[in-house]
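Reading the structure
Residues per chain, in single letters:
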Amino acid sequence: MKNYLSINDIDSLPNWVDEAIALKKDPYQFKEMGKHKTICLLFFNNSLRTRLSTQKAAMHMGMEVMVMNFGSEGWALEYEDGTVMDQGNSEHIKEAAKVVSQYCDIIAIRAFAKLKDRTKDEAEEVLNGFTKYASIPVVNMESSIAHPLQALADAITITESNTKPKPKVVLSWAPHPKALPHAVANSFIEMIKKQNVEFTITHPKGYELNPSITKGCAIEYDQNKALENADFVYVKNWSSYSDYGKVLSQDSHWMMTQAKLGSAKFMHCLPVRRNVVVEDAVLDGGQSLVLEQANNRTFAAQIVLKKILEHSNVFSAKGKE
Amino acid sequence: MKNYLSINDIDSLPNWVDEAIALKKDPYQFKEMGKHKTICLLFFNNSLRTRLSTQKAAMHMGMEVMVMNFGSEGWALEYEDGTVMDQGNSEHIKEAAKVVSQYCDIIAIRAFAKLKDRTKDEAEEVLNGFTKYASIPVVNMESSIAHPLQALADAITITESNTKPKPKVVLSWAPHPKALPHAVANSFIEMIKKQNVEFTITHPKGYELNPSITKGCAIEYDQNKALENADFVYVKNWSSYSDYGKVLSQDSHWMMTQAKLGSAKFMHCLPVRRNVVVEDAVLDGGQSLVLEQANNRTFAAQIVLKKILEHSNVFSAKGKE
Amino acid sequence: MKNYLSINDIDSLPNWVDEAIALKKDPYQFKEMGKHKTICLLFFNNSLRTRLSTQKAAMHMGMEVMVMNFGSEGWALEYEDGTVMDQGNSEHIKEAAKVVSQYCDIIAIRAFAKLKDRTKDEAEEVLNGFTKYASIPVVNMESSIAHPLQALADAITITESNTKPKPKVVLSWAPHPKALPHAVANSFIEMIKKQNVEFTITHPKGYELNPSITKGCAIEYDQNKALENADFVYVKNWSSYSDYGKVLSQDSHWMMTQAKLGSAKFMHCLPVRRNVVVEDAVLDGGQSLVLEQANNRTFAAQIVLKKILEHSNVFSAKGKE
């Protein structure tokens, strides 16, 4: 694997999950692999878990880390080809990506959807721009349409908690005061489709996600019905996809409660707005897996770095022949 | 010691000061103690000395360091219990503290008083919130009401410079164009009360500090009288405590001058406004200890980290039995 | 060499260039030299290449790195002597420089020209303030009037690409929508004057650089004439020096094109505005050296750090006698 841009870059999800779980027992066991290697974390948006867990994962691998808030510390980037750059943008992605590639061995990028123009968001200009022009591997730390480090951490978490041969997993929309991107939901769905589970998505009408991603998934508009006999309930807000980026409903009846949850495990990627997305009783109770998910972010990132380092080491070895 | 939140968390101030002075001679001697341990420095406010000296101290101990400007790089935090989080705050301290605890071994936090609401400042929602919910040790890098790393550095500095069995120490208020917090003065007083010194506080009427902290201390409103025969003069501005957060006076007669200082040593935590708080002649003269204080910030932080690492190592060892 | 403030701090440019080229083959060969040494990078302005390449160079030398955005993370600094600091600035350069000197072994500083007041810019208050009061070596990461790390990287790049005994080098002004500083052009000229080259500067009338820097250089106002038989063309915008900081022309005829470039190599320090400063065909073609220049920033910084560490080690050894 060269880049980790989407959950589909994983060759075998069960193998990766198993390896990640093994890493947790002795996180520094592959420390020599990252010796004299540097990862550069480029943030175009805010971050807590991703920032710290990816740094931690790199340290576990023995790598050096350079962190940069691209927006405030660097130069405004141009992504279009052929532009006459006489406006606000100072540097073209072609130069930026190629230059950063010379200073490090892996680039990790966070650049959220702006939710104004679907075509533009789906073009993933930041992530794809870096991927196109960088000469080194690129890791997606949440792009406009995907958050595969989160989804991999979620897969690890489900594997660790699951007790059934074929559990029922529900992805449930929740209300939120702001318009949020679809990245987490998209990657969760792509990940869950690779699992041996019964899967249902539930949300109010108008909140249908990108049909090319939900293809083949059961969609149930009655939340209570969807939640029946659930083993894992993943709760997440997203804005409308068809009426792109709009908040169509803030209906608090969709908030997850302990009563609705029943005996299922509760999952959320965090940050989460208490008593809007989910009531306190759920987060403070024994069925919440949110801390396990956050902790697994480190090991999801670490297994990704390990796979990239292994791949690039093989490449270097080949190059030397 | 689990946390370092206040000067009162020190079991024996003389011992700590002696150990810190010993560290200065060979700062890397305990480098193995921090191997594979990470400290996360969370800044909710600006910092120069604290940012750099705490990083340096952690490097001396062989630790990895992650620095985060929480305000601009992370998510706005909610501290109240039971809130319906439908306003500006994206994440609850419960999740933030527990999550950060999973990525590091020690959290250090800077969160100043806002000086708008005394009750709220004294509740120390940021520091106490992290301390309550974090599962790892917390270090105070200046909170609303305390700056114990500064006070410990001050104790080291006084010990190094003192030549008398019972020196006279004066804490003198100084004018300043802005309203400043009480944290430095509070922790200095708490520290000095543990020393064998003659101690006087001097300030204009209306600038009395929290009486529960100054209890037992001599307060003298005549600055000249207070300064008589002083060996160490600690100068600092603070805003009113009774008329909370207000600037009642900017009387330049309270500025420290060489004439007033006499033969005493001059101390200040920095940053200091020249010719407002203290005249150039004092800072540029031979009696100023401000650089020694700043340098001792590294070793104050290092002895704190060492004590925490020793404590947690004992704990881990016990846990393994 | 104690400080690296200007290209004139280099004792032998050919030797440094040769040493830098040797470092590229085995960047970690002097890793022991920086053990337990710390560099602090202080940014008063944005940076991409300088930020990452200087960090990388320090890592190659085995140093610890602390990065600080002084403007947003630290305190506003006062530079004047004797000021009554009752306005916006919280800390004097005297204290800041001396304090930072206690936490690290080398300070590197970026502080651009403000282009409002020539005398003030030429006074270099930030760089010179730190140099005057710091007790440790200072590295210039681009100041008001000089960018000697860039010029050193350019010297390495020219040496690597040059095939002639005495190549012709042209520095050509280019249009730009914003007023830019003179630092890059100044240091390039100072560097090129130390080389065995034929050198011509070309720009529209009114864009003459500081005559004390261009003294002895051929200036040709006809760009086409200047470019005849050029081997290396360094393109850069700068604002007027005589009508200080003003944009007198944005004449797009001065943009570099493949046709004008002929068979010469193209150089630019980046970031570059495509199709304003230079057309796409040049940057995307085979004659551009911009990526080599950016890559050589790492080794320019590394040879500077090596020279400083060697010098300070000799000093320490002497001090111990």
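Since we're looking at a predicted model, the values are computed, not measured.

1. Considering the relation of the copies chain B and chain C
- Its rotation angle being 120°, the transformation that places chain B on chain C also includes 0.0 Å of axial translation and leaves an RMSD of 0.0 Å. Within this description, the copies of the chain are treated as partners about a three-fold rotation axis.

2. Digging into the side chain of Ser-240 of chain B
All names here are of chain B.
- When you line up the elements, Ser-240 lands in the loop between strand 10 (232-236) and helix 11 (258-261).
- A relative accessible area of 0% means that Ser-240 is categorised as buried.
- Only 3.0 Å separates the side chain of Ser-240 from the backbone nitrogen of Asp-243, close enough to count as a polar contact.
- Excluding residues within four positions of it along the chain, Ser-240 makes contact with His-182, Gly-206, Tyr-207, Gly-245, Lys-246 and Leu-248.

3. Quick notes on the pattern of salt bridges
- Applying the stated criterion across every chain, the model contains 39 salt bridges over all chains.
- Measuring nitrogen to oxygen at the nearest pair gives 2.8 Å for the salt bridge that ties Lys-24 of chain A to Glu-160 of chain A. Of the two residues, Lys-24 of chain A is situated in helix 1 (residues 13-25) and Glu-160 of chain A in helix 7 (residues 148-161); the sequence distance between them amounts to 136 residues.
- When its relative accessible area of 25% is taken as the criterion, Lys-24 of chain A is described as partly exposed.
- Residue classification places Glu-160 of chain A among the partly exposed residues on the basis of a relative accessible area of 36%.
- Across the pair Lys-307 of chain B and Glu-19 of chain B runs a salt bridge whose closest N-O atoms are separated by 2.7 Å. Separated by 288 residues along the polypeptide, Lys-307 of chain B in helix 13 (residues 290-320) and Glu-19 of chain B in helix 1 (residues 13-25) bring together distant segments of the chain.
- Given a relative accessible area of 18%, Lys-307 of chain B falls into the buried group.
- Looking at Glu-19 of chain B, the relative accessible area reads 26%, which means it is partly exposed.

4. Focus on the interface of chain A and chain B
- Contact with chain A, which involves 31 residues of that partner, is made by 32 residues of chain B.
- On the surface where chain A and chain B come into contact, there are 4 salt bridges.
- Linking Asp-284 of chain A and Lys-94 of chain B is a salt bridge whose minimum nitrogen-to-oxygen distance equals 3.0 Å.
- Viewed at the interface, chain B and chain A are joined by 20 residue pairs in polar contact (both at pLDDT 80 or more).
- Looking at the side of chain A that touches chain B, the elements with two or more residues in it are helix 2 (49-60), helix 12 (280-283) and helix 13 (290-320) of chain A.
- Taken together, the residues that form the side of chain A that touches chain B break down as 13 nonpolar, 8 polar and 10 charged.

5. Focus: the sheet that holds strand 1 (residues 38-43) of chain A
Residue and element names in this part refer to chain A.
- Spatial ordering of the open sheet is given by 2-1-5-6, a layout of 4 strands whose pairing is parallel. Among the strands making up the open sheet, the edge pair consists of strand 2 (64-69) and strand 6 (138-140). Direction aside, neighbouring strands of the sheet carry axes that sit 20° apart on average.
- With 3 bridges connecting them, strand 5 (residues 106-110) and strand 6 associate as parallel partners. Following the sheet pairing, Ile-107 is matched in strand 6 by Val-138.

About the thresholds
- Residues numbered from 1 in each chain as written.
- Chains lettered and ligands numbered in written order.
- Predicted model: local features only at pLDDT ≥ 70, side-chain atom pairs only at ≥ 80, totals over all residues.
- Heavy atoms only, no water.
- Least-squares fit on C-alpha atoms with pLDDT ≥ 70 in both.
- Helix = DSSP H or I, 4+ residues; strand = E, 2+ residues; numbered from the N terminus.
- Buried < 20%, exposed > 50% of the residue type's maximum accessible area, 1.4 Å probe, protein only.
- Polar contact = N/O pair within 3.5 Å; in protein donor to acceptor, adjacent residues only side chain to side chain.
- Contact = heavy atoms within 4.5 Å.
- Salt bridge = Lys/Arg side-chain N within 4 Å of Asp/Glu carboxyl O.
- Nonpolar A, V, L, I, M, F, W, Y, C, P; charged D, E, K, R; others polar.
- Pairing = 2+ DSSP bridges.
- Axes fitted to C-alpha atoms, helices over the stretch in contact; angles between N-to-C directions.

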